[in-house]
Amino acid sequence: MDGAGTAGEMSLLLLSLAASTVRLAAPLVLAALAGLYAERSGVVDIGLEGKMLAAVFAGAAVASLTGSAALGLGAGIAAALVLALLHGVATIAGADQIVSGMALNLIAAGATPSLASAWFRQRGTTPPLPAGARFGPITLPLAQSLGEVPIVGWVYTTIISGHSLPVYLAWLAVPLTAFVLSYTGFGLRLRAVGESPEAVDAAGLSVARLRFTALAVNGVLCGLAGVCLSMAQGNGFLRDMSAGRGYLALAALIFGKWRPWPVLAACLLFAAADAVQARLQGVVLPGFGAVPVQLIQALPYVITVVILAGLVGTARPPRALGKPYPPVR
Amino acid sequence: MTRRLYRVLATLLVPAASVATALAAVAGLVLITGEAPSRALCTLLRGALGDPEGIGYTLFYATDYVFAGLAVALPFQAGLFNIGGEGQAALGGLGATLVVLALGSLPAPIVLVVAIIGAVGFGAAWAFVPAVLLARRGSHLVITTIMFNFLAAALMTWLLVEVLIAPGQSALETRTFPPRLWLPTLADITAGTRFDAGEAPLNPMAFLALLAAAFYWVLLHRTPLGYEIRAAGLSPLAAQAAGIRVPRIIMLAVCGGGAVAGLIAVNELFGSQHRLTADITAGAGFTGIAVALLGRNHPVGIVFAAVLFGTLNQGGAALSFDMPGITRDVVTVAEGVVIFVCGMLDGVARGHIGRFLRTLWMAPARQAR
């Protein structure tokens, strides 16, 4: 009886951990895919964090002023798009892409709380969003009735159903990106411009235009990632709300070797680590003591460094990554 | 002659343009809050430079930024981008604090000297792993140093929660250092005089910052090692061919950057905060990028840029105090804009647009010959 009880509790715990993993992975997936488009086209993007944060704020601010989730979504995407295109302008001008990305991160980190306190006078936050201005959980068809069915029903009801729109968009974006990269002309050109812009140029295609297009997609995805944080998982803008997720997405992009499905796996792993550490906060394991949650939090960064060191597997970035085209002196 | 003029123009125009754009961006933010930008500028300047206390604070922050700027500039001379100043400074703070906790009973000068060595050593050690990974395995320094910033934050939080926290405290900080270890500040020296500097934490580390900037110049331009660093930065392949051991140069330049970053923590710990917290650097490591870019990696430029950002930081504090709705975050915006415009103009100058402009510029000179 006791054993059955623990087993039941265990499966409940696992289900809820899986559900939070799916939820927490969504902004990471969106941001990492955004990075994927930029970097496969040869543009280094360490500005994911800043673009996300801009969208976090713009989405929440507009949604709270208008009371409309759709307008908030549009504003979030627009804000991230503007920063992405600024990055594009710098890139095409031949600026160092790392410098430009870093600059955008700082601008977003400073501008968002400044604008928030200027407009809302609430010490750098937006007011909590009213119900209609958020993306609430969507209950998929049959989720109610299937909830009683063991395993399949539980998984469907707890893990698959009940997420918000941006989460489902994140999950759709992965197969879509994989398809676009592998099976469309745009995907082929995108990969080509990241590997060999000279060849693309020689073929009569515009390197600048391709990279701009990639960055536009990048901006839209970053916008979705940010909106997901402030309008679906959170409730309004808080200072530094992206909290390093842009860098984490960058780590997932490297861990996933710049390919959509492995990137998804990396995001799920990092999100699972996050879900587990949130659950273990303050838990004392018998014979082990308090769980060092910081260790679990640090795990994604350690993994990335190990991957970059080439100790486990190799991560080969796109060949032209970070190199301006035409080359600068 | 024309070439020289072109270079002088570039050195002056790029910083001027980026500072002007940054000020315009800040003015825009001020306008949004409904205040007059001119009044904001007055408040900012008065707060930063209007009285001895303001000047003391400005130069105290500038001290941080000189170290942070050098921590970016030294690896930059070797062609490398060190974004890890934040983490390296945090670890420097850990090193200095451990020295104080271990040797706190020894005479103050000894403790201070060993603490500085500890800060420099820990900062360099935190840069060592990214440096060695780059030198031996070719791992991208930017990404590894970003990761090491996060690792440093996790490590510091864990240490403060589990090990170093002052007994009976709930805030994440160590116990306060004994006052005899505090560096004398401008406030101490001027207390009771006509130039009373209030609380200003400006301390002798400012001289060390100037010394470090001078040392940086001598190292780069008057020593064989500096020559090798610059050669490796200009062309690693040519340097390699000339017999320079490039991996060794990478190690020295990056660890050197980490070492200087450690000094930020010394200035903060012994000048102002007197105890280790999870966030002793307050973003100075990132300001260092702006300082190095704006200062064109030249020591004099770095000192000027550091004073400029010190002014902005201290003035920003005054601004947020005087004008509700404006926060110190406008300084971060200014940093970002400076970095963006500098990077952009550098790219323009070195890239295809610059090539076009140069041909226009040089054409009359060539014809004259």
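If you're wondering where the values come from, they're calculated on a predicted model, not measured in any experiment.

**Student:** Looking at this structure, I do not really get the overall build of chain B. What am I missing?
**Tutor:** Secondary structure summary: chain B contains 15 helices and zero strands in total. Relative to a compact globule of 369 residues, whose C-alpha radius of gyration would be 21 Å, chain B shows 22 Å and is just as compact. In terms of principal-axis extent, the alpha carbons of chain B reach across some 75 × 55 × 35 Å. Residues counted as buried form 54% of the 369 residues belonging to chain B. Here the contacts in chain B between residues at least 6 apart in sequence split such that 75% fall between residues at least 24 apart.

**Student:** Just to check I follow, could you spell out the overall build of chain A for this structure?
**Tutor:** Along the backbone of chain A there are 13 helices and two strands. On C-alpha atoms alone, chain A measures out to a radius of gyration of 21 Å, which is about the 20 Å that the 2.2 N^0.38 rule sets for 329 residues. With the C-alpha coordinates of chain A rotated into their principal frame, the extents come out at 75 × 50 × 40 Å. Burial status across chain A gives 53% buried among its 329 residues. Nonlocal contacts in chain A, meaning residues at least 24 apart in sequence, comprise 76% of its contacts between residues at least 6 apart.

**Student:** So what exactly am I meant to see when it comes to the interface of chain A and chain B here?
**Tutor:** For an interface, size is often stated in terms of accessible area lost upon the parts coming together. Between chain A and chain B, the residue contacts involve 43 residues of the former and 43 residues of the latter. Contributions of two or more residues to the side of chain A that touches chain B are made by helix H3 (69-93), helix H4 (97-120), helix H11 (245-255) and helix H13 (293-308) of chain A.

**Student:** How do you make sense of helix H5 (residues 108-137) of chain B when you look at a structure like this?
**Tutor:** What sets the pattern is the α-helix's 3.6 residues per turn: residues three or four places apart point alike. Taking 1.5 Å as the rise per residue, H5(B) with 30 residues should run 44 Å; its terminal C-alpha atoms sit 43 Å apart, in good agreement. The first or second residue beyond H5(B) is Gly138(B), which carries a positive phi of 70°.

**Student:** Got a minute to help me understand the environment of Leu190(A) in this structure?
**Tutor:** All names here are of chain A. Within the fold, Leu 190 resides in helix H8 (residues 185-195). Look at Leu 190 and you get buried, because 26 C-beta atoms sit within 10 Å. Leu 190 sits 17 residues away from Val 207 along the chain, and the two C-alpha atoms are 9.3 Å apart. If we ignore the near neighbours within four places in the chain, the residues touching Leu 190 are Arg 40, Ser 41, Leu 181, Leu 210 and Ala 214.

**Student:** Sorry if this is basic, but what is going on with unusual backbone geometry here?
**Tutor:** One can expect most non-glycine residues to show negative phi and most peptide bonds to be in trans. Residue Pro326(A) is reached from Tyr325(A) by a cis peptide bond, and omega for that bond is -5°. In this fold, Pro326(A) is placed in the segment after H13. In this structure, Trp258(A) takes a positive phi of about 65° despite not being glycine. Mapped onto the secondary structure, Trp258(A) falls in the loop between H11 and helix H12 (260-280). The phi dihedral of Ala282(B) falls on the positive side, at around 50°, and the residue is not glycine. Here Ala282(B) shows up in the loop between helix H11 (246-273) and helix H12 (284-294). The class for Ala282(B) is partly exposed, based on 18 C-beta atoms found within 10 Å.

**Student:** What is the right way to read H12(A) from this model?
**Tutor:** Look at H12(A): 30 Å from first C-alpha to last across 21 residues, which is about the 30 Å you get at 1.5 Å a residue. Here H12(A) has its buried residues at Pro260(A), Val263(A), Leu264(A), Ala266(A), Cys267(A), Phe270(A), Ala271(A), Asp274(A) and Ala275(A).

**Student:** Help me out: how do you make sense of the confidence of the model for chain B in this one?
**Tutor:** The predicted coordinates of low-pLDDT regions are not to be read in fine detail. Residue and element names in this part refer to chain B. For chain B, per-residue confidence averages 89 on the pLDDT scale, and residues scoring 70 or more make up 97% of the total. Confidence, expressed as mean pLDDT per element, reaches its minimum in chain B at helix H15 (residues 352-368) with 67 and its maximum at helix H8 (residues 205-222) with 96. Overall fold confidence for the complex sits at a pTM of 0.90, while the interface term, ipTM, reaches 0.90.

**Student:** Explanation requested: the packing of H12(B) against helix H13 (residues 299-322) of chain B in the structure shown.
**Tutor:** For any two helices packed against each other, the geometry comes down to the angle between their axes and how far apart the axes lie. Residues and elements named next belong to chain B. Closest axis-to-axis distance for the H12/H13 pair is 8 Å, and the angle between their directions is 135°. Considering their axes alone, H12 and H13 lie oblique with respect to each other. The two elements H12 and H13 cross, and the hand of that crossing is right-handed. Residues Thr 287, Ala 290, Val 291, Ala 292 and Leu 294 of H12 touch H13, and the partners they reach there are Ile 302, Ala 305, Ala 306 and Phe 309. When the residues that make up the contact of H12 with H13 are grouped by side-chain class, the tally is eight nonpolar, one polar and no charged.

Reading guide: rules and limits
- Residues numbered from 1 in each chain as written.
- Chains lettered and ligands numbered in written order.
- Predicted model: local features only at pLDDT ≥ 70, side-chain atom pairs only at ≥ 80, totals over all residues.
- Helix = DSSP H or I, 4+ residues; strand = E, 2+ residues; numbered from the N terminus.
- Rg over C-alpha atoms; globule rule 2.2 N^0.38 Å.
- Buried ≥ 20, exposed ≤ 12 C-beta atoms within 10 Å, placed from the backbone.
- Contact = placed C-beta atoms within 7 Å.
- Expected span 1.5 Å × (residues − 1).
- pLDDT = per-residue confidence, 0-100.
- Axes fitted to C-alpha atoms, helices over the stretch in contact; angles between N-to-C directions.
- Parallel < 35°, antiparallel > 145°, perpendicular 65-115°, else oblique.
- Left-handed = near helix turned anticlockwise from the far one by under 90°.
- Nonpolar A, V, L, I, M, F, W, Y, C, P; charged D, E, K, R; others polar.

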